[in-house]
Amino acid sequence: MSSPSRRLQTKPVITCLKTFLISYSLIFWLTGVILLAVGVWGKVSLEAYFSVAVEKSTNAPYVLIGTGAIIVIFGLFGCFATCRGSPWMLKLYAMFLTLVFLAELVAGISGFLFRHEIKEILKTTYEDAVNNYNGTNARSDAVDTIQRNLKCCGVQNYTDWGPTEYFEMNGIPKSCCKSPNHCTTDALRNMTKAAGEVYPTGCISLVTTVMESNLGIIAGISFGIAFFQLIGIFLACCLSRYITNNQYEMV
């Protein structure tokens, strides 16, 4: 049992640590909200790009949304544990922060190491989406969305539509048209006439650029949040140790 004078000396230290940890937990809670927002934004803004890369809709945005929701909950738990001054709750909070740190670090490193493979897979799957375009399924809708939004046509250029079955029956998709209202079916079925009506730039270079820039933002946020966990782990462990060693309890 520590002496009263020792407890009086350590009380300001514990109070200071609790203040810092509560502030950290509130910021940690805010990062959860940011991840939630990034996940929702990724689902809305990048859905078309993910759709051409996989046969089914990707779960990546939902992972971000789920992670953000869990961080929000544990951020509030961290505030509660700090206010209560419970050593076991603080240790549980530190363990959770450690798991989040390791998971985000592994995910970030994996994405960085395999970024070139991801680009190659994206190129291959986009070519497949164009070759199997039928104008009705989800991947076809994704191709149309990309062509309209990025103002591009085909993989390398509009001539990539020539060998496709869709071109034989319908011509180049209208999503390639610079001005859909002035783009006739006759022009879309003729490569020579289509040259002046459709976007001349291919989509794959633009798609990879958009994906790299947006994934770079997501990766940067993830790395920042990952290393931010180290501060919380340190504060939670220190506070738990001080409370345990000095048998300090909040009233």
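Structure's up top.
Parameters at a glance
Residues numbered from 1 in each chain as written. Predicted model: local features only at pLDDT ≥ 70, side-chain atom pairs only at ≥ 80, totals over all residues. Heavy atoms only, no water. Helix = DSSP H or I, 4+ residues; strand = E, 2+ residues; numbered from the N terminus. Buried < 20%, exposed > 50% of the residue type's maximum accessible area, 1.4 Å probe, protein only. Disulfide = S-S within 2.5 Å.

Q: Can you explain the environment of Val-198? Please cite residues and give values.
A: Locating Val-198 in the fold gives a position in the loop between α9 (191–194) and α10 (204–246). Val-198 gets classed as buried once you look at its relative accessible area, which sits at 0%. In sequence terms Val-198 and Ala-187 are 11 residues apart; their C-alpha atoms lie 9.5 Å from each other.

Q: Kindly report on the state of the cysteines, identifying the contributing residues and their values.
A: Applying the stated rule across the entire model yields three disulfides. Disulfide pairing is shown between Cys-152 and Cys-203; the S-S distance is 2.0 Å. Judged by the sign of its S-S torsion, about 100°, the cystine formed by Cys-152 and Cys-203 is right-handed. Note that Cys-152 is positioned in the loop between α6 (138–150) and α7 (165–170) and Cys-203 in the loop between α9 and α10, a separation of 51 residues in sequence. Look at Cys-152 and you get buried, because its relative accessible area is 0%. Bridging Cys-177 to Cys-183, the disulfide has an S-S length of 2.2 Å. Where Cys-177 bonds to Cys-183 through sulfur, the torsion about that S-S bond is close to -80°, and the disulfide is left-handed.

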